[in-house]
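# A closer look at the structure
One-letter residues, chain by chain:
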Amino acid sequence: MSIDVAVIPAAGRGTRMRPATRVVPKALITVVDRPQIQYSVEEAARAGAKEAIIVVDLDAGHLVAQHFSLEGPLPTLEDMVVRPVVQEEALGLGHAVNEAAHMVGDRSFFCLLSDNIVRPGEDVLSEMAVGSDDGSVSVMCLRELTDEFLSKYGVVVPSSDVNDGYLDLAGAVEKPGAKDAPSRLGLVGRYLFTPEVFSILDKTVPGVGGEIQLTDAINALGAAGRLRGYVAETDLLDVGTPAGLVEATVALGADLS
Ligand code: UTP
């Protein structure tokens, strides 16, 4: 099925990137020659999206919007409409996604976290769309995690074996740690949601860290039997920490030269 809209939450505080993010939003931190969020918008465009809704904060959101609009569209994004929506308070990733509900309406949509970069040229979103049964299930992009990362990512509960890269999921747990992890398959910041997720988020109460967690809504989709995983073959580059940013810069810089 073809998905024409992507939601990119970018209103978090970016505390792991302080002091760089005291004024500049994390989304605008440069990786090689463009801000990290541009990679995500370009990735969504590669998968056929025509509209990117970026969830921004009140203070610096206009800067993110300006990046895409000043002097006309960017050459790599001529067919993409980029629209901001403000999340007034950083109440959590689930809350941020729900701020886009009125703009997405009754469409299935991609959701991308731009602090994980998929290398230009690669396209996991289209593979996820293939697994969505024409929009009847939500599809999560997964990677096998080492022990260290089981306490840093949401981890899923499989309910089937992996078949051609896809599997059924019964739910997900936010940052369980190695001891309590239900599997090694982690949520790595690429999602395809059916619009059902918005009605679930409307009812989701604050969870871990007092934030409205997207993982709790994903868990509810699993409990309803409408959740699938796609195990990506490619590594995503995490630019949400200083060490990850250095690694990603080297990797993406080498692709360019
Ligand atoms: P993170 O958990 O990486 O948080 O959010 P963060 O605030 O960006 O960074 P740290 O952990 O403080 O360093 C994952 C994604 O969700 C967005 C963030 O912008 C990031 O893309 N987010 C998070 C929001 O848009 N709003 C929120 O309230 C929370």
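Before any of the text, the structure's been laid out above.
Rules and cut-offs
Per-chain numbering applies: the sequence of each chain, read as written, is numbered from 1 onward. In view of the model being predicted, local features appear only for residues whose pLDDT reaches at least 70, and side-chain atom pairs are presented and counted only at 80 or more, with totals across whole chains, interfaces and linings using the full set of residues. Computation of side-chain values covers all heavy atoms of the structure but excludes hydrogens and water. The helix and strand labels rest on DSSP assignments: H or I over at least four residues marks a helix, E over at least two residues marks a strand, and numbering proceeds from the N terminus. We call a residue buried when its accessible area falls under 20% of the maximum for its residue type, exposed when it is over 50%, and partly exposed in between, using a 1.4 Å probe and counting protein chains only. Only a pair of cysteine sulfur atoms within 2.5 Å qualifies as a disulfide here. The term salt bridge refers to a side-chain nitrogen of Lys or Arg lying within 4 Å of a carboxyl oxygen of Asp or Glu. Definition of nearness: a residue and a molecule or strand are near each other if at least one heavy atom of the residue lies within 4 Å of the molecule or strand. Here a polar contact means two N or O atoms within 3.5 Å. Within protein one must be a hydrogen donor candidate and the other an acceptor candidate, and residues neighboring in sequence count only if both atoms are side-chain atoms. Note on residue categories: nonpolar means Ala, Val, Leu, Ile, Met, Phe, Trp, Tyr, Cys or Pro, charged means Asp, Glu, Lys or Arg, and polar means any other residue, Gly included.

A separate point is the side chain of Ser132. On the secondary structure map, Ser132 appears in the loop between helix 5 (124-130) and strand 8 (138-144). Owing to a relative accessible area of 0%, Ser132 belongs among the buried residues under this scheme.

What follows covers the state of the cysteines. What the rule picks out here adds up to 0 disulfides. With no disulfide of its own, Cys111 lies 12 Å from the sulfur of Cys141, the closest cysteine sulfur.

All right, on to the pattern of salt bridges then. Under the counting rule described, the total for this entry stands at 15 salt bridges. The salt bridge involving Asp168 is made with Arg228; its shortest N-O contact spans 3.4 Å. Of this pair, Asp168 sits in strand 10 (residues 166-173) while Arg228 sits in strand 12 (residues 227-231), and the two are 60 residues apart along the sequence. Judged by relative accessible area, which is 33%, Asp168 ranks as partly exposed. Accessibility expressed as a relative area gives 17% for Arg228, which makes it buried. The closest approach of N and O atoms between Lys175 and Glu174, which form a salt bridge, is 3.1 Å.

What follows covers the site of the ligand. Residues in contact with the ligand amount to 16 residues; listed here are only the nearest, Arg13, Thr15, Arg16, Lys26 and Gln87. Gln87 is positioned with one of its side-chain polar atoms (N or O) 2.7 Å from a nitrogen atom of the ligand. Considering only residue class, the shell around the ligand consists of 7 nonpolar, 5 polar and 4 charged.

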